[in-house]
Amino acid sequence: MSRRPPLRDIDEAEIEVDGAESSAAGPVAVAVAMKRALEQMGPVRSARTLLRLNQVDGFDCQGCAWPDPDPSHRHTAEFCENGAKAVAEEATRRTVGPEFFAEHPMSELRERTDYWLGQQGRLTQPVVLRAGATHYEPIGWDDAFAMIGDRLRGLASPDEALFYTSGKTSNEAAFVYQLFARAFGTNNLPDCSNMCHESTSVALAEVIGIGKGSVTLNDVETAECLVIMGQNPGTNHPRMLSALEKAKQNGARIIAINPLREAGLVRFKNPQKPRGLAGPGTELADLHLPVRINGDLALLQAIAHHLLEWGAIDHDFVERHTHGFEEWVDHVRDLDWDAVDRATGLDRGQIRQAAEMLRDSSATVFCWAMGITQHRNAVATVKEIANLSFLQGNIGKPGAGLCPVRGHSNVQGDRTMGIWEQVPDHFLDSLQEEFGFEPPREHGLDTVNAVKALRDGDARVFFGMGGNFVSAVSDTSVTEDAMRSADLTVHVSTKLNRSHVVHGREALILPALGRSERDLTGGRPQRVTVEDSMSAVHASQGPLAPASDHLRSEVDIVCNLALATLGGDHVVPWATLRDDYTEIRRRIARVVPDCEAYDEKVDQPGGFVLPHPPRDTRTFPTEVGKARFTASPTDVLHVPEGRLLLQTMRSHDQFNTTIYGLDDRYRGVKGGRRVVFVHPEDIAALGLADGGYVDLVSEWDDGERRAPEFRVVAYDQPRGCAAAYYPETNPLIALDHVAEGSNCPSSKSVVVRLDPTEQGSTEAHYGSIRSDQGTRAGSPAGTGTKRSPEPDQLG
Ligand SMILES: Nc1nc2c(c(=O)[nH]1)N[C@H]1C(S)=C(S)[C@@H](COP(=O)(O)OP(=O)(O)OC[C@H]3O[C@@H](n4cnc5c(=O)[nH]c(N)nc54)[C@H](O)[C@@H]3O)O[C@H]1N2
Ligand SMILES: Nc1nc2c(c(=O)[nH]1)N[C@H]1C(S)=C(S)[C@@H](COP(=O)(O)OP(=O)(O)OC[C@H]3O[C@@H](n4cnc5c(=O)[nH]c(N)nc54)[C@H](O)[C@@H]3O)O[C@H]1N2
Ligand SMILES: [Mo]
């Protein structure tokens, strides 16, 4: 199985490779942020947005979910380079109106990359693609709602509809959206979490009784030791570096566990400080463990083995608050060191050094992200992180705890509001009591199962609240075919993306207001609320005039759709909820646990923090009423001879499937994205050349999957590992390659073969398919290989 990539609009012949950097941020970050802001927004909008970003009376950054400092500690410029890019991307002055769609037929748009599609600008008007039509054309809002309502009512069962959510949706919109799905009659609420921190949520719910992290920003800043695993904060959570800098100034030591030596974990040049702008910056990681991909579970067990050996145990905590200790100890004492060596690829001295740093710390925070959650054994690994924290009592005390670092800015809030295909019964009971309808009780479909339902004809309508489903989900060709088999696909979006051009028999794009924009729904200024990665909830209100007069808020869209589908006399007062979001917050207060007096509490400067029993009082609402130690087998992922273990990650110039630009500055790549990072000795051993071109091929029971034409880049990392960017690599990941227990695509451990090819050969390779579509602009074959680092310059 292979999929022709839409290459026509990116000329990667000019790609440059300069070697990795050894510090993050600094003056270049400020310059890049300002350049991007000015290009997209111009000076006035740049000032108007950036100065309101993450301020108490401003709006929440559309980027990551890292929390804001206490109101009294915020800077005038409380944002990072990538936050500025995220804002610029939304507040751009470029627009995509009806003329655009008249000009560009689907046959052309389908050939475009997500990069090109996104760069066209903000969507301005609802558009429809009628069955068999060649172009999207304008449609009025009422007609669009009527059309969707009609198709939904025509389904054989409400479970034939899928209501996907990406993690930017506000709490208010999320609450009415899940309410609509359930009032319509389904729990099919797949979300981006299913591909992201689901492994974390599943593991933590089981072992600490709540699927959320247990720390505050203050804990991070006052920890004695921080373990940062499977996370690249320099790119994906840049404001976390300021917190790490504070921690270092308070004497903390940092252990980075990552196959790559990410610049943001080495050194931080804080652009808010003279020392950061002109000086050497702050050294961050004291110890970097270049673990082999997927070796974390074994590594954590080895560290625990040492701590047990040395008696570095908080006996009081273990006795009073935990369950299952003996069984776990038996497993870890008996550790198979040979398996540890093979799984981690580390030398035992390095592991011991990490264990010593933990032993010598009386307050440790554990941070992790996608490098941990997107593996077959991810749930087990997260539980092992929890085991280690329990052993030394590092939970529910200052400066210590579990810190899963969430992705999308409101992904945690969306879950709190009930965007969850497996929401617990007590939540459904409250919904029933508040609104007086009977919500469906059967669990719904998650993301991977949603694709299967479409593929198998069990789902007919796909509705996306934000996001870019076909590019974000694994197994691109299967997912695209699944999407094409739908009767109707609808996307509530701000920008054009691939999910709009790979569509069902009929398709609609509904353009929504972004977070930076003024929301005057119901004729009054509305604000929304969001929850960050540390359970802090606060208000957000955009300052800008909307990109077009036709835009509607997500709340407006959901409530009008509900009216069109369920009728004006439905038990839920949709029009009232739509016209005053305070009414929604009143319902949130009565339905969502721990949200009493919600509207009043979000009014406090900086908002409020949701309760978290393990963090607040060391109570663990698990089945056994205690924190649970759990023993997991020390597994080693087998990689056959001649194959590499590929992780699929983000470059510095993207937000998930939104591509801001073609540079990955910290890793030294400029002007292109189809690169695969490989250890110099593996390049030699595989008979390849640095700067040469390969097809990435993955092998599954049902055949091969191929992502063509990646340039090989020599890059320091453990032998046997490789890395390339997502979403270009999603065609390689079989839909069934998922984490056990969470069903999260295992996008960080894909066994691949590298087949040598020639640059520009894709055309020939797919010649018969591409022949009628012209040739790729400006990429003469065989040119453009530029300077690349010598192997001994790396690291
Ligand atoms: N600017 C920007 N910000 C973002 C995003 C974005 O795309 N752009 N995305 C947002 C979202 S939704 C999310 S979920 C987060 C993602 O934030 P991250 O999780 O930081 O994102 P990735 O780029 O997937 O990085 C994974 C990191 O894990 C490492 N890694 C890979 N495999 C392993 C492994 O087996 N073990 C260990 N220890 N490490 C491993 C990689 O080398 C890399 O450093 O960021 C959010 N913030
Ligand atoms: N191989 C591989 N695959 C992965 C990952 C990986 O690491 N490797 N990471 C996974 C992760 S962690 C995640 S979270 C998913 C991300 O999956 P998604 O959340 O589905 O994808 P995004 O790229 O964030 O969605 C971008 C689109 O959202 C729309 N949008 C932006 N802002 C708004 C808004 O305010 N309102 C509305 N309505 N729409 C808006 C725009 O139209 C934009 O095109 O991808 C997953 N896929
Ligand atoms: Mo994510």
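Residues numbered from 1 in each chain as written. Chains lettered and ligands numbered in written order. Predicted model: local features only at pLDDT ≥ 70, side-chain atom pairs only at ≥ 80, totals over all residues. Heavy atoms only, no water.

**Here we look at the sheet that holds strand β23 (residues 644-649)**
Where we set the bar: Pairing between strands is defined by DSSP: at least two bridges between the two strands are required. Only runs of H or I of at least four residues qualify as helices and only runs of E of at least two qualify as strands under DSSP, and these elements are numbered from the N terminus. Axis geometry follows a simple rule: fit a line to the C-alpha atoms, using only the stretch in contact for helices, then measure angles between N-to-C directions, giving values from 0 to 180 degrees.
Ordered in space as β23-β30-β27-β29-β28-β31, the six strands form a closed barrel in which the pairing is mixed. Geometrically, the sheet is characterised by an average inter-axis angle of 45 degrees between neighbouring strands, direction not taken into account.

**What to know about the site of ligand 1**
Rule in force here: What makes a residue near a molecule or strand is one non-hydrogen atom of that residue sitting within 4 Å of it. Think of a polar contact as two N or O atoms within 3.5 Å of one another; within protein, one of them needs to be a possible hydrogen donor and the other a possible acceptor, and neighboring residues in sequence only count if both atoms come from side chains. To be clear on the numbers: accessible area is Shrake-Rupley with a 1.4 Å probe, and residue cover counts the displayed protein chains and nothing else. We call Asp, Glu, Lys and Arg charged. Ala, Val, Leu, Ile, Met, Phe, Trp, Tyr, Cys and Pro are nonpolar, and the rest, Gly among them, are polar. How far each domain reaches was decided by an automatic or database domain assignment.
If you check the shell around ligand 1, you find 31 residues, and the closest are N258, E262, D296, Q654 and N656. With respect to ligand 1, the side chain of E262 contributes an N or O atom lying 2.6 Å from an oxygen atom. G371 is positioned with one of its backbone polar atoms (N or O) 3.4 Å from an oxygen atom of ligand 1. When isolated, ligand 1 has an accessible area of 930 Å², and the protein chains bury 99% of it. Those elements giving two or more residues to the shell around ligand 1 turn out to be α10 (233-236), α19 (370-373), β23 and β24 (654-655). Split into classes, the residues belonging to the shell around ligand 1 amount to 11 nonpolar, 16 polar and four charged. Shared between two domains, the shell around ligand 1 takes at least three residues from each, and those domains are domain 2 (198-405) and domain 3 (639-793).

**Some details on the site of ligand 2**
Around ligand 2 there are 30 residues in total, and Y164, S166, A472, E554 and T657 lie nearest to it. The separation between a nitrogen atom of ligand 2 and a polar side-chain atom of T648 is 2.9 Å. Residue R650 places a side-chain N or O atom 3.1 Å away from an oxygen atom belonging to ligand 2. Relative to its free-state accessible area of 930 Å², ligand 2 is covered by the protein chains to the extent of 95%. Partitioning the shell around ligand 2 into residue classes produces 10 nonpolar, 15 polar and five charged.

**Describing the pattern of salt bridges**
Operational definition: The salt bridge criterion pairs a side-chain nitrogen of Lys or Arg with a carboxyl oxygen of Asp or Glu, the two atoms within 4 Å. Only protein chains enter the accessibility calculation, which uses a 1.4 Å probe. A residue is then buried if its area is under 20% of the maximum for its type, exposed if over 50%, and partly exposed in between.
Scanning all chains against the criterion turns up 63 salt bridges. Between R484 and D481 there is a salt bridge, with the nearest N and O atoms lying 2.9 Å from each other. You can see R484 and its partner D481 sitting in helix α25 (residues 476-484), three residues apart, about one turn around the helix. The residue R643 makes a salt bridge to E699 at a minimum N-O spacing of 2.9 Å. With R643 in the loop between β22 (627-628) and β23 and E699 in strand β28 (residues 693-700), the pair connects residues that are 56 residues apart, well separated along the chain. On the basis of relative accessible area, R643 is assigned to the partly exposed category, the value being 25%.

**Details of the packing of helix α7 (residues 171-184) against helix α22 (residues 425-435)**
Applied cut-off: Convention used here: angles under 35 degrees read as roughly parallel, angles over 145 as roughly antiparallel, angles from 65 to 115 as roughly perpendicular, and any remaining angle as oblique. We call two residues in contact when some of their heavy atoms are within 4.5 Å.
Axis separation between α7 and α22 bottoms out at 12 Å; the angle between their running directions is 85 degrees. The angle between the axes of α7 and α22 places the two elements in the roughly perpendicular class. Residues F175, Q178, L179 and R182 of α7 pack against F427, L428, L431 and F435 of α22. Grouping the amino acids of the contact of α7 with α22 by side-chain chemistry returns six nonpolar, one polar and one charged.

**Some words on the packing of aromatic side chains**
This is how it is decided: Any two of the Phe, Tyr and Trp rings considered here, Trp counted by its six-membered ring, make a pair once their centres fall within 6.5 Å; the pair's planes then place it as stacked at under 30 degrees, edge-to-face at over 60, or tilted in between.
Considering all chains together, one arrives at 24 aromatic pairs under this definition. Ring plane angle 40 degrees and centroid distance 5.9 Å describe the contact between Y177 and F463, whose orientation is recorded as tilted. On the criterion of sequence distance, the pair formed by Y177 in helix α7 and F463 in strand β16 (residues 461-465) is long-range, its members being 286 residues apart. Neither Y177 nor F463 differs from the other in exposure class; each is buried. Between the aromatic rings of F180 and W574, the centroid separation amounts to 6.4 Å while the plane-to-plane angle is 80 degrees, which identifies the pairing as edge-to-face. In this pair, F180 is assigned in helix α7 and W574 in helix α28 (residues 574-579), connecting sequence segments 394 residues apart.

**Considering the environment of H323**
Among the secondary structure elements, H323 is positioned in strand β13 (residues 322-323). Taking C-alpha positions, H323 is 7.6 Å from V624, a pair spaced 301 residues apart along the chain.

**Examining α25**
The periodicity of an α-helix, 3.6 residues per turn, causes residues three or four places apart in sequence to face the same way. With seven of nine residues buried, α25 lies mostly within the body of the structure. Looking at α25, one finds that the buried residues are T476, S477, V478, T479, E480, A482 and M483. Where α25 is buried, its residues contact α23 (447-455), β16, α24 (469-472), β17 (488-493), α26 (498-501) and β29 (703-714).

**Notes on the UniProt feature "domain: Molybdopterin oxidoreductase" (unreviewed entry) in the protein**
Basically, it comes down to this: UniProt positions are given in the numbering used here, feature names are shortened, and annotations may be inferred rather than shown by experiment.
In the UniProt entry, the feature "domain: Molybdopterin oxidoreductase" (unreviewed entry) is given for residues 122-492. Secondary structure content for residues 122-492 is 46% helix and 14% strand, while the C-alpha to C-alpha distance between its ends is 12 Å.

**Comments concerning the sheet that holds strand β2 (residues 24-25)**
Hydrogen bonds between backbone groups are what pair the strands of a sheet, and the pairing can be parallel or antiparallel. In spatial order, the strands read β2-β10-β11; together these three strands make up an open sheet with mixed pairing. Each of the sheet's edge strands pairs with one partner strand only, and the pair in question is β2 and β11 (282-283). Note: β2 against strand β10 (residues 267-269), two bridges, orientation parallel. Looking at the pairing, A24 lines up with F268 of β10.

**Focus: the pairing of β29**
The element β29 is extensively covered by neighbouring structure, given that 10 of its 12 residues are classed as buried. Across four bridges, strand β27 (residues 675-678) lies against β29 in parallel orientation. Note on β29: the bridge partner recorded for V676 is V712. Bridging between β28 and β29 involves seven bridges; their strand directions are antiparallel.

**Looking at the layout of surface pockets**
Regions of empty space are outlined by a rolling probe, equal in size to a water molecule, passed over the atoms. Definition in use: Every definition here rests on a 1 Å grid over the protein atoms only: cavities are sets of points where a 1.4 Å probe fits but cannot get out, pockets are open sets enclosed by protein on both sides within 12 Å along at least five of seven lines, and lining residues have some atom within 4 Å of a point. Grid points are joined across faces, edges and corners, and a volume is the space filled by probe spheres set on the points.
There is about 1000 Å³ of room inside the largest pocket. As for the largest pocket, its lining consists of 35 residues, of which A205, I210, G211, W420 and P424 are closest to the centre. Elements represented by at least two residues in the lining of the largest pocket include exactly α8 (198-207), α21 (411-416) and α22. A total of five residues in the lining of the largest pocket trace back to one element, the largest contributor, which is α8. Classifying every residue of the lining of the largest pocket gives 13 nonpolar, 14 polar and eight charged. One number sums up the size of the second largest pocket: a volume of about 620 Å³. The wall of the second largest pocket is formed by 35 residues, among which F79, S242, N270, P271 and Q272 lie closest to the centre. The greatest single-element share of the lining of the second largest pocket, amounting to five residues, is contributed by helix α11 (residues 240-249). In terms of residue class, the lining of the second largest pocket is made up of 19 nonpolar, eight polar and eight charged.

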